[in-house]
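Residues per chain are reported as follows:
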Amino acid sequence: MKRDFLSLWDVTREEIFSLIDQALQLKRDWSQGRLKPVLYQKTLGLLFNKPSTRTRVSFEGAMHRLGGACTFLSVHDTQLSRSEPLSDTAKVLSRYIEALVVRTYDHEDVVTLARHASIPVINGLTDLCHPCQVLSDLMTVVEKKKRLDNVVVAWIGDGNNMAHSWINASARLGFRLNISCPEGYWPSARVLERARREGIADIGLYDDPGEAVREAVVINTDVWASMGQEHEAEQRRKVFWPFQLNAALLAKAPKEAIVLHCLPAHRGEEITEDVLEGPQSVVYDQAENRLHAQAALLRWLLAS
């Protein structure tokens, strides 16, 4: 029976920890020249309706390292641009490739593709969540802190798809998550409600970002205006300014705190240059780990 990866709700707590362990092992295997081509003659499709750097290149690199191949499909260059139903696209692609990564706006489009595809469908980002990013972020926390239990994570800024993914991670794994957003920009109430109803989430909401980071050993932020919100950028800059991750805010956190940012970053807006490039930042290790975490995910979905 095929498995999809549309959000962290599609995997159990035990599977998340297993994927992190596998990702760390794959990273070691690659550095030591011991990676096996377990996905030889398998092809991954990348169906993208949004720009991408890390998602596209990390999936392509992961498949190449595991012996497989990729085919990139911009939505604008497919028959979807001429109103072909998603269901038809899913059924046809299932005859050509072994798995499909989708990067788009509406989360329901990914759900529809997964429903009609007979191959695994992976959410490469939607406006609702970004599970591949948070999987690699969790890997990075384990790599740097050696644990996820008793870890306090802070999310500062917009209650966007990345905030939703961290909420889902807290629901699955039970670590403390402190969220601080401007009024009117909180995460989805439905996402929070499900996390508290169905998961083991320990989530706190803070108006003051200083309080949110006070005990946090992992501090997260993201751009203030995501793709599709460019027309709101100027207004958001004014509203979000007190939530900038800068040296003054970082000084309120424990000295051992690490800084995460999923990139791309707008230096001088949501994060300052000195923090992004400073000694507590692990953003480039975090970006690299997209490749290893997704290699683990692909091997799990396709090689078993």
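This text gives an overview of the structure that appears in the document. Here the structure is a predicted model, which is why all the values come from computation and not from measurement.

1. Points about the sheet that holds strand β8 (residues 218-221)
Here's step 1: Taken in spatial order, the 5 strands line up as β7-β6-β5-β8-β9 in an open sheet, and their pairing is parallel. Unpaired on one side and paired on the other, β7 (202-206) and β9 (258-261) mark the two borders of the sheet. Going across the sheet, the axis of each strand differs from the next one's by a mean of 20°, ignoring polarity.
Here's step 2: Across 5 bridges, strand β6 (residues 176-180) lies against β7 in parallel orientation. Among the inter-strand pairings, S180 is bridged to a residue of β7, identified as Y206.
Here's step 3: Packed onto the sheet, helix α5 (residues 131-145) meets β8 and β9 and runs at close to 165° relative to β9.

2. Structural notes on helix α7 (residues 189-198)
Residues separated by three or four positions in an α-helix point in the same direction, a consequence of the helix having 3.6 residues per turn.
Here's step 1: Buried within α7 are the following residues: V191, L192 and A195. Summarising the axial view, the buried residues of α7 lie within an arc of 100°, below the 170-degree limit, and thus occupy one face. Facing away from the buried side of α7 by more than 90 degrees, the exposed set consists of A189, R190 and R197.
Here's step 2: On the buried face of α7, the contacting elements are α6 (161-173) and β7.
Here's step 3: By the N-cap criterion, in which a side-chain oxygen at the helix start approaches the backbone nitrogen of a residue two or three places on, α7 is capped by S188, the distance to R190 being 3.2 Å.

3. What to know about the pairing of β8
Here's step 1: By the alternation rule, side chains of β8 split into V218 and N220 and I219 and T221, which are all buried.
Here's step 2: In the sheet, β8 pairs with β9 via 4 bridges, with the strands oriented parallel. Each bridged residue has a counterpart across the sheet, and for I219 the counterpart in β9 is V259.

4. Topic: the pattern of salt bridges
Here's step 1: In total, this model carries 19 salt bridges according to the counting rule given.
Here's step 2: Here R267 ties to E273 by a salt bridge, and the two come within 2.8 Å at their closest N and O atoms.
Here's step 3: Members of the salt-bridge network, linked through shared partners, are E193, R194, R197 and E198.

5. Section: the side chain of K145
Here's step 1: Within the element layout of this structure, K145 appears in helix α5.
Here's step 2: Here K145 occupies a buried position and makes no salt bridge, while the nearest side chain of opposite charge, E256, is found at 6.0 Å.
Here's step 3: Here the side chain of K145 touches E256 through a polar contact of 2.4 Å, landing on its backbone oxygen.

6. A closer look at empty space enclosed by the protein
Here's step 1: Across all of its chains, the model carries 1 cavity of 30 Å³ or more by this definition.
Here's step 2: In this structure, the largest cavity spans a volume of roughly 40 Å³.
Here's step 3: What lines the largest cavity is L26, W30, L35, A62, R65, L291, H292 and A295.
Here's step 4: Among the elements of the structure, α1 (13-31), α2 (54-65) and α12 (283-302) are those that each provide at least two residues to the lining of the largest cavity.
Here's step 5: Sorting elements by how many residues they give to the lining of the largest cavity places α12 first, with 3 residues.

7. As for the pairing of strand β3 (residues 99-103)
Here's step 1: Most of β3 sits inside the fold, with 5 of its 5 residues counted as buried.
Here's step 2: Residues A99, V101 and R103 line one face of β3 and the alternating positions L100 and V102 line the opposite face, and both faces are buried.
Here's step 3: By the bridge criterion, 5 bridges tie strand β1 (residues 43-48) to β3 in an arrangement that is parallel. Note on β3: the bridge partner recorded for G45 is L100.
Here's step 4: Note: β3 against strand β4 (residues 121-125), 4 bridges, orientation parallel. What sits directly across from L100, in β4, is V121.
Here's step 5: Viewed along the sheet, the connection from β3 through helix α4 (residues 107-116) into β4 turns out right-handed.

8. A few points about the sheet that holds β1
Here's step 1: Judged by pairing direction, the sheet is parallel, and its 4 strands sit side by side in the order β2-β1-β3-β4 without closing on themselves. If you trace the sheet from one side to the other, it starts and ends with β2 (69-74) and β4, each paired once. Each strand of the sheet is rotated relative to its neighbour by a mean of 20°, with strand direction disregarded.
Here's step 2: With respect to the sheet, α4 is in contact with β1, β3 and β4, its orientation differing from that of β4 by roughly 165°.

Parameters and conventions
- Residues numbered from 1 in each chain as written.
- Predicted model: local features only at pLDDT ≥ 70, side-chain atom pairs only at ≥ 80, totals over all residues.
- Heavy atoms only, no water.
- Pairing = 2+ DSSP bridges.
- Helix = DSSP H or I, 4+ residues; strand = E, 2+ residues; numbered from the N terminus.
- Axes fitted to C-alpha atoms, helices over the stretch in contact; angles between N-to-C directions.
- Contact = heavy atoms within 4.5 Å.
- Buried < 20%, exposed > 50% of the residue type's maximum accessible area, 1.4 Å probe, protein only.
- Arc of directions from axis to C-beta.
- Polar contact = N/O pair within 3.5 Å; in protein donor to acceptor, adjacent residues only side chain to side chain.
- Salt bridge = Lys/Arg side-chain N within 4 Å of Asp/Glu carboxyl O.
- Lys, Arg positive; Asp, Glu negative; His and termini not counted.
- 1 Å grid on protein atoms, 1.4 Å probe; cavity = no way out; pocket = protein on both sides within 12 Å on 5 of 7 lines; lining within 4 Å.
- Points joined across faces, edges and corners; volume = space filled by probe spheres on them.
- Right-handed = clockwise from strand over helix to strand, strands pointing away.

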